[in-house]
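This is what each chain is made of:
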Amino acid sequence: MDGSGGLGRGRLICLSNRIPTGAEPSGGLVVALADVLERSGGIWIGAAPETTDQPEDDLTEIEGGAFRRLAFRLTAAEQEGYYAGFSNSVLWPVFHDRADLMEFRREDHETYRAVNRRIARIVAKVLRREDRIWIHDYHLLPLAAELRRLGVENPIGFFLHTPFPTALALQSMPQGNEICGWLMAHDLVGLQAQRDCVHARGALTRLAGAEELEEGLYALDGRRMRLAAFPIGIDTADFTRLAGQAFDRLPPGIVKPPRQLMIGVDRLDYSKGLPNRFRAFRHFLDLQEDWHRRVSLLQIAPPTREGVKAYDDIREELEGLAGKVNGAFADITWTPIRYIHRPVPRETLAGLYRASHIALVTPLMDGMNLVAKEFVAAQDPEDPGVLILSRFAGAAEQMPEALIVNPHDEGEIAAQILTALTMPRSERRRRHAALMEGLGAQDVHWWSDAFLTALTGASAARVGR
Ligand code: ADQ
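Residues numbered from 1 in each chain as written. Predicted model: local features only at pLDDT ≥ 70, side-chain atom pairs only at ≥ 80, totals over all residues. Heavy atoms only, no water.

(A) Spatial organisation of the overall build of the protein. Secondary structure summary: the protein contains 15 helices and 16 strands in total. A globule of 465 residues ought to have a C-alpha radius of gyration of about 23 Å, and the protein, at 22 Å, matches this closely. Dimensions along the principal axes, computed over C-alpha positions, put the protein at roughly 70 × 45 × 45 Å. Residues counted as buried form 56% of the 465 residues belonging to the protein. Within the protein, counting contacts between residues at least 6 apart in sequence, those at least 24 apart form 76% of the total. A total accessible area of about 18900 Å² is found for the protein, and carbon and sulfur atoms account for 50% of it. Here the protein contributes 54 positive and 62 negative side-chain charges, whose respective centroids are spaced 2 Å apart. (Helix = DSSP H or I, 4+ residues; strand = E, 2+ residues; numbered from the N terminus. Rg over C-alpha atoms; globule rule 2.2 N^0.38 Å. Buried < 20%, exposed > 50% of the residue type's maximum accessible area, 1.4 Å probe, protein only. Contact = heavy atoms within 4.5 Å. Areas by Shrake-Rupley, 256 points an atom, 1.4 Å probe, with all protein chains shown as cover. Lys, Arg positive; Asp, Glu negative; His and termini not counted. Charge placed at Lys NZ, Arg CZ, Asp CG, Glu CD.)

Quick look at the structure:
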């Protein structure tokens, strides 16, 4: 890491679906990017939260904040087809191995393509020759190809925050292989984990017929693209500091030893494995009567993407499960599951992590999972809590000292809850120290530096050819 943020010359133009409004950030992307942009003096371009009646090709400056923000507005129909439709009812489920939840509509695919085409026109108007472009996430997969079509030859990088699907899974969506062509329009594609790079290799070479010239360097139809894993991190030092302060300000009564607190923090999404987590806890309570009244689960799960059917379903399922567990086990002094269905301020969250003995992070599939990293960073190193982490979170590749579980195996999760509750302090400290070493070395600053440095290298190689 050279500490320069890999900034190079010119401006950094970041593009993502949603622009941060200054309200409480609740997605990993917002949390990570705000930090990168503040340091780099870049511009963030994204969709305004409110829709418009007429498609507009102008950008509106959003005042305030530490970096420049320019917003475009979508019509309600565009928002429906591009965002709720193709992005979140096709790409999200397919990329999370849930093709069974895919709702493919040809019109949504058209709208997705058209919105990306329009964003490309809007962005091309403000671009300068020396700018570098960093596109984020699955909403904007075709954007670079559209920019190239308009003659834009600036360096373009793309980072995918979700997992990348296997070649087989990609074929479960109509025109799945066009995604490979979209990827090839970038100089650099960053994925979260090594497993994603393996999947992308399969898709690029077998589905699209790209050639791998050397490891991670692909060629197709006269274009070259570099692809590598850049596991996203958190602002580790800052989060540790925040957690220490916030812990001291928690309302009395949150921590009542000897009752142990387990915490789960997730957007309410079917990929996060919440029903299996609740069932595993019920299984634990069935088996471990000794632990009744001595442990409880605090689950914080704010709603997202309301109105998409799969999300309404998961909400209902979870409320039913929490009710059943509490109905079966609660007494007047103890509620096994406390389920909070709204966002919590970042600071409170940091304090709650520190107050918790265990974090249950059990996604069925997750690009990275920043909650796992935040929980570890928030711990008191002298008396740290234990992380139980799904092997299907990208974070598992970097965090082998967590208790790694198969989220489909409720028996295994229940057994690891017991292991965590009874783990000697010396072992907790050893595991925590090892995890913190990784989180310190590969934090969000490392991540953005590494990506931007690689982008500079990849585009220089193209221009120099
Ligand atoms: P998400 O699916 O949103 O992100 P995650 O990585 O866990 O998942 O990030 C969630 C962020 O939102 C964390 O910073 C967390 O603190 C915050 N958050 C969650 N619930 C909250 C609540 N109730 N109140 C306040 N804040 C809350 C996507 C991918 C992930 C990937 C990230 C970053 O799905 O796999 O790790 O992007 O690339």
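(B) Spatial organisation of the environment of Ile-45. Looking at the secondary structure, you find Ile-45 in strand S2 (residues 43-47). Judged by relative accessible area, which is 1%, Ile-45 ranks as buried. Excluding its chain neighbours within four sequence positions, the residues that come into contact with Ile-45 are Ile-13, Cys-14, Leu-15, Ser-16, Ile-19, Leu-59, Leu-70, Phe-72, Val-123 and Val-126.

(C) Representation of the pairing of strand S5 (residues 132-136). Of all the five residues making up S5, five are buried; the element is thus mostly covered by neighbouring parts of the structure. The alternating pattern of S5 places Arg-132, Trp-134 and His-136 on one face and Ile-133 and Ile-135 on the opposite face, and all of these are buried. Relative to strand S6 (residues 156-159), S5 is paired through four bridges, and the arrangement is parallel. Opposite Ile-133, over in S6, you have Ile-156 as the bridge partner. (Pairing = 2+ DSSP bridges.)

(D) Geometry of the sheet that holds strand S13 (residues 337-340). Spatially, S13-S12-S11-S14-S15-S16 is the arrangement adopted by the six strands of the open sheet, whose pairing is parallel. With one partner strand each, in any of the chains shown, S13 and strand S16 (403-405) form the two edges of the open sheet. Strand-to-strand twist across the sheet, computed as the mean angle between neighbouring axes with direction ignored, equals 20 degrees. In this structure, strand S12 (residues 295-300) lies alongside S13, joined through four bridges in parallel fashion. Considered in S13, the bridge of Gln-299 is made with Tyr-339. Here helix H13 (residues 410-421) sits on the sheet and contacts strand S11 (260-265), S12, strand S14 (358-361), strand S15 (386-390) and S16; the angle it forms with S16, its principal contact strand, is near 170 degrees. (Axes fitted to C-alpha atoms, helices over the stretch in contact; angles between N-to-C directions.)

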